[in-house]
Each structure stands twice: as C-alpha cells, then as structure tokens.
Amino acid sequence: MRTFEYIRAADRADAVARARRGARFLGGGTNIVDLLRQNVEQASELVDVSRLDGAIRQSDGGGLLIDASVRNAALAAHPLVRRRYPVLSRALLAGASAQIRNMATVGGNILQRTRCMYFYDVEGARCNKRQPGTGCDALDGFNRYHAILGASDQCVATHPSDMCVALAMLDALIHLSGPDGKRSIRLTDFHVLPNASPHIETVLKPGELITGVELPPPSDAVTHSEYRKVRDRSSYAFALISVAGGLALTDGRVTEARIALGGVAARPWRAARAEAALIGVAPTEEAFLAAIREELADAQPLSGNAFKIVLVERTVVALLAALAGAHQ
Amino acid sequence: MTIRVNGTEVSPPDDARVSLLDLLREHLHLTGTKKGCDQGACGACTVLLDGNRVLSCLTLAAQAEGSDVRTIEGLAGEGDDLHMLQQAFVEYDGLQCGYCTPGQICSAIAMADELRRGDPSYVTRDIAASPPPVTRAEIRERMSGNLCRCGAHNGIVEAIEHMLRETAA
Ligand SMILES: Cc1cc2nc3c(=O)[nH]c(=O)nc-3n(C[C@H](O)[C@H](O)[C@H](O)COP(=O)(O)OP(=O)(O)OC[C@H]3O[C@@H](n4cnc5c(N)ncnc54)[C@H](O)[C@@H]3O)c2cc1C
Ligand code: SF4
Ligand code: FES
Ligand code: FES
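Presented here is an overview of the structure given in this document.

The rules behind these values
Once a new chain begins, its residue numbering starts again from 1 and follows that chain's sequence as written. Chains and ligands are labelled by the order in which they are written, letters from A for the one and numbers from 1 for the other. The predicted nature of this model means local features are confined to residues of pLDDT at least 70 and side-chain atom pairs, given and counted, to a pLDDT of 80 or more, with totals for whole chains, interfaces and linings taken over all residues. Values shown for side chains rest on all heavy atoms present in the structure; no hydrogens or waters enter the calculation. Any two residues whose heavy atoms approach within 4.5 Å are treated as being in contact. Reported buried area values correspond to the accessible surface (1.4 Å probe) lost by two parts on association, with both partners' losses combined. Note on definitions: salt bridges are taken to be side-chain nitrogens of Lys or Arg within 4 Å of carboxyl oxygens of Asp or Glu. Residues adjacent in sequence count toward polar contacts only when both atoms are side-chain atoms; beyond that, a polar contact is any pair of N or O atoms within 3.5 Å, and within protein one must be able to donate a hydrogen and the other to accept it. Only runs of H or I of at least four residues qualify as helices and only runs of E of at least two qualify as strands under DSSP, and these elements are numbered from the N terminus. Under the scheme applied, nonpolar residues are Ala, Val, Leu, Ile, Met, Phe, Trp, Tyr, Cys and Pro; charged residues are Asp, Glu, Lys and Arg; polar residues are all the others, including Gly. Two rings belonging to Phe, Tyr or Trp (six-membered ring only in the last case) form a pair when the distance between their centres is within 6.5 Å. Interplanar angles under 30 degrees mark stacking, angles over 60 mark edge-to-face geometry, and anything in between is tilted. Each residue is assigned to one of three classes by its accessible area relative to the maximum for its type, calculated with a 1.4 Å probe on protein chains only: buried under 20%, partly exposed between the two thresholds, exposed over 50%. Charge-over-ring placement is defined geometrically: NZ (Lys) or CZ (Arg) within 6 Å of the ring centre, and within 35 degrees of the ring normal. Two strands qualify as a pair provided that DSSP identifies no fewer than 2 bridges between them. Lines fitted to the C-alpha atoms define the axes, with helices restricted to the stretch that makes contact. Angles between their N-to-C directions range from 0 to 180 degrees. Here a residue is considered near a molecule or strand provided that any single heavy atom belonging to it is located within 4 Å of it. Here the angle decides the label: under 35 degrees means roughly parallel, over 145 means roughly antiparallel, 65 to 115 means roughly perpendicular, and every other value means oblique. Helix crossings are classified by the rotation of the near helix relative to the far one: an anticlockwise turn of less than a right angle makes the crossing left-handed, while a clockwise turn makes it right-handed.

1. Observations regarding the interface of chain B and chain A
Listed by partner, the interface residues are 44 residues for chain B and 42 residues for chain A. Buried surface at the junction of chain B and chain A, summed over both partners, amounts to about 3100 Å²; 53% is from carbon and sulfur atoms. Here D38(B) makes a salt bridge to R37(A), at a shortest N to O gap of 3.4 Å. In this assembly, chain B and chain A are joined by 24 residue pairs in polar contact (both at pLDDT 80 or more). Breaking the side of chain B that touches chain A down by element, the ones donating at least two residues are β4 (52-55), α3 (101-117) and α4 (136-142) of chain B. Element by element, the count of residues in the side of chain B that touches chain A is highest for β4(B), at 4 residues. In the side of chain B that touches chain A, the residues fall into 18 nonpolar, 17 polar and 9 charged.

In structure tokens form, the structure reads like this:
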C-alpha cells in the first residue's frame, strides 16, 4: 500500500475541492481501505466525508432525505424507514455484519465495488475492470456469483450492494455536488452496464460527491414491501441473488407492482417488464412466474450460474405470494 | 487530537496507513484484540468505538482521532474481577482456542445495547415492532459477524443469554 494523507473534510465544498485535486473520498472505509491494502486501488490523499452532516429528515413532499454520511445501521433502525420503507431496512440488515453496518455510510455503500475474486487478485488474475484491456478471467473461471443480465464479453461482474436493490425499487434519487455544481439523478440511472469499458461503473464525474439520497413518499406497494436474499450461508455473506418487492391490490387485482433484483447484473436491476405484466392481473403464483419470465427472457447464464435464473423465478414468486397473502 | 484507548489518551500514528488494529497490537501492545483475516471477514478484531462495535482492521487509526476506544483489556474491573460476560464465557464453555473470544465479547456487549435500543435485525419478522423479541435466532443473526472456527457457538449464545437475563432483571 502506498502512503497517503488522511484529512477530515471541513465541509462539502472542501471535500469537493480536494477531490478535484485528486483526493479520494473516505466513508466508513470498509471497502476502500481493503482495496488500497490489496493494491487494487491507489490514493495519495483520503478526505474523510463520514463526519459531515448525517441527518435523516422528511422532505417537503412527504418523502425522506438521507444524508450520504448516515451509517447503514442507523438508517436501518430509523423508525420512519422501518414503518414506511420496510424493504430498505430489511435490505440494509441483510448486508454484511453489525460491525460493518455501524461503519459503512450510505454514500460508500452506493459506490462499493464488485466482489469478483479476480478483480481482487492483483498478482494472479486478468481483469478488465481493474486493468482495462487485460482480459476477464471470470468468463471461463469461477463465475457462480456473476451476472445473468446486462453483462458484456469484457466483464460479467455484479454490483454487490443490498441497499441499492431496495433504493432501485423505491425510485430513489441521488443528490450530487461537484466542481460544476449540484445535480440529482435516479439511482437506476447511476450505475452503468459494463459494455466495452467495465472500469467505468457510474455516471459520477471527477470530484463529484454524493451528498444524499431522497426517497419519494411511499406508495401503497412500498408500504407493503419486503426484501429476500439468497446466499451460500444464512448470514454475513454476499447475495447469490436477492429480490426487493412491493405489491398493491384493489378488489383482487394488482394495481401496483415493484420488483428489483440484486446479484444479477452490474447494477441493481429494476424489473420494469415484470412490473408492467402484473398490472391488472389477479395475484396468483402463475401470474408472478409469467411476469418474471418476461423479465428474464434475455438472461444469459455463464458456465457456473444458470441456477440463478430458476432461483430468481422462485424467489420472486415466493416473495410476491407472501406479500399478496399479507394483503388478505 | 488524541485517541482515548481504555481511558488513556494516545497519539495517533504518523503514518495514515496504520489501522486501528495495528495501532492497538503493534504500537500499544494491547494484543487482546486479534487479527484473523485483516479484511473484514471474521470479526476477531471487533472493538467498541464510542460504544459501537466496529472492525478495527478496516478502521484507520486516524479515523478514531477524538474518539473513545474500548478493547477486551478495558472491560474488566480492577484486580482479578472479570466482566460479567467474560465470566459467563468461562461458565458456559463459550470458547475453545480463545482466538475469536475478545471479538465475540466486545461484539456481544454492543449487541446488548442495540437490543435495548430496540434495533431490528434481518430475522425480526415485524421490522417496525420495537423492541424486537430476544430469541436464539435473533442472537445468532446479530452475532453472525463473529466467526468461531472451533465451533463454540452454542456456548457463546448461552453465555450471551445469561448476560441478557442478568442485565434485564
Ligand atoms: C466482509 C464483508 C462483507 C460484506 N457483505 C456485504 C453484503 O452482504 N451486502 C452488502 O451490500 N455489502 C456488503 N459489504 C460491503 C459494505 O456494505 C461496503 O463495504 C460499505 O457499504 C461501503 O461503505 P463505506 O462507507 O465503508 O465506503 P468506503 O469504503 O469508505 O468507500 C467506498 C467507495 O465510495 C467512495 N465514497 C464514499 N463516500 C462517498 C460519497 N459521499 N460520495 C462519493 N464517493 C464516496 C469512496 O471513495 C470509495 O470509492 C461487505 C463488506 C465486507 C468487508
Ligand atoms: S468479471 Fe469483471 S471484475 Fe471480474 S475478472 Fe472479469 S472484468 Fe474483472
Ligand atoms: S481481522 Fe478484522 S474482521 Fe478479521
Ligand atoms: S474459540 Fe477458537 S475460534 Fe472461537
């Protein structure tokens, strides 16, 4: 690990100014400290943004504003989140461990990097994401955890965040502040697919800081929402696949369906096709299966992860059936 | 700014790369806190930072400036007294080799505070309900960030249940 300076940001403007000169932001450090230590990433200066404002408050429109430095544990335990956005609490609590959730920030969680083992293996593996143009050892290697949707022949990695799957389902907005001012962008437009340049993972511009996340007021489907994660052991493990789902019913028909998938692509995957297929239908397991199959029509399994297609189907059906049952 | 470690003010290291774990073990010779994986995957390095459980291997020492750190060495009273949970680990066979034990104990003490505050866990059925029920499944999920290669988990959970019973009274 190369030497670096550690500085606490005085305020957001100071953080942005330092980042424009080449500093890297430091949240809880649970990902970047590891990446620096393994020499996957390098930094000459870390500017600590975890001590900037860390509030959770209601927005004027009845939604929720969450500062980027709020810790994952605090967000999961917040009464308004638990009551109005239960899918977000559950997704956060599905991630990592209590210790890591106490450290990890909302901003850092959104920008955490893939857990593809070849990406971490600086000495031993070829990886287009770490070193563009070198190849991708996952294509013919251990790809059980990798993508089935939206991948390219350059990279098949997945985004590992649980929280982001819930945020995608919730239509969350990300607020940014950079050298050219402020802007906001939907979380579902924030992470980009690998295409020919898998080292580019988001639309963030150099020096831009995530200042917060905004949740719109909860719709009926959001109030009745849940998160399910399937993994190789029942806790403290990254997802094989996960599902964030919400359902609203009127007179025995689906009036609103929300589905986002984790562990399937380089970004949290909002299943818009499946959602559209469910509007107006009776909430049966057959209907849920038909809908998710439409979403997965383009899925392209790798040598080691064809099981994910069936796993997504079954998990979506089980989750939506449980939500429909709870409405009764 | 200094870091308060078990009540004593210490200066942060000059090199910003030094982790809180290495500060404790290599610089301060507080070797109770253990290094298992050094990458966030085992929990052996768990300490209390301003009362919250964190992994000292992924915390830069500089991040702890101005904060209060408590390690296994700082839990017991004066003399030979053990902390109630240390005693319970002895009584309920909460360890074999003991390597994970300091992390388990620091973790469980903070977990008890989280339960008292009413924080939910992944297995809490009604996530909005507060306080959550204190079941074995809850304890196991909340302690999942501390691995034990010797498989002493049954004794660990029993020792924690003992502490929760005693402090609830
Ligand atoms: C053993 C282990 C298991 C884990 N399991 C899971 C899991 O099951 N599910 C899951 O979702 N996650 C899991 N994680 C990952 C964890 O959630 C992330 O490491 C964490 O959310 C990152 O947040 P942080 O604040 O520590 O980020 P940091 O490590 O501080 O930063 C990560 C990145 O974000 C950038 N950054 C930080 N804040 C900002 C900001 N405000 N604006 C712009 N850029 C910023 C940094 O520059 C860096 O590039 C696990 C981690 C470990 C070590
Ligand atoms: S899948 Fe992506 S991250 Fe993994 S080795 Fe291939 S290029 Fe690298
Ligand atoms: S040594 Fe810190 S988690 Fe393993
Ligand atoms: S007692 Fe040996 S690792 Fe837990």
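From this point, the discussion proceeds with the structure in view.
2. Remarks on the packing of aromatic side chains
The description of an aromatic ring pair rests on the distance of the ring centres and on the angle between the ring planes. For the structure shown, the criterion picks out 2 aromatic pairs over all chains. Geometrically, the ring pair formed by F119(A) and Y120(A) is edge-to-face, given 5.9 Å between the ring centres and 85° between the ring planes. With respect to class, F119(A) is no different from Y120(A); both count as buried. Centre to centre, the rings of F142(A) and Y145(A) are 6.4 Å apart; their planes meet at 45°, and the pair counts as tilted. Taking relative accessible area as the criterion, F142(A) reaches 40% and is therefore assigned partly exposed. In this structure Y145(A) comes out as partly exposed when scored by relative accessible area, which is 25%. Across the ring face of Y122(B), the terminal group of R231(A) is positioned such that the distance to the ring centre comes to 5.0 Å.

3. Concerning the sheet that holds strand β5 (residues 64-67) of chain A
Residue and element names in this part refer to chain A. The sheet built from 5 strands is open, its strands ordered β4-β5-β8-β6-β7 with antiparallel pairing. Lying at the two open borders of the sheet, with one neighbouring strand each, are β4 (56-58) and β7 (181-186). Across this sheet, the average inter-strand angle for adjacent strands is 25°, counted without regard to direction. Relative to β7, strand β6 (residues 173-178) is paired through 6 bridges, and the arrangement is antiparallel. By the bridge assignment for β7, L176 is matched with R183. Strand contacts of helix α1 (residues 12-20): β5, β6 and β8 (209-215), with the helix running at about 130° to β8, the strand carrying the most contacts.

4. Digging into the site of ligand 1
As a structural note, the neighbourhood of ligand 1 is formed by 35 residues, with F25(A), G27(A), T30(A), T105(A) and D162(A) the closest of them. Looking at what sits near ligand 1, you find residues from chains A and B. In this structure, an oxygen atom belonging to ligand 1 sits 2.7 Å away from a side-chain N or O atom of T105(A). With respect to ligand 1, the side chain of Q112(A) contributes an N or O atom lying 3.5 Å from an oxygen atom.

5. Notes on the packing of helix α2 (residues 84-91) of chain B against helix α5 (residues 153-168) of chain B
All names here are of chain B. Between α2 and α5, the least distance of the axes is 8 Å, while the angle of their chain directions is 135°. Viewed along their axes, α2 and α5 adopt a mutual orientation that is oblique. Seen along the crossing, α2 lies across α5 with a hand that is right-handed. Contacts between α2 and α5 pair M84, L85, A88 and F89 from the former with I156, A159, I160, H162, M163, E166 and T167 from the latter.

All we've got here are geometric facts, nothing functional implied.
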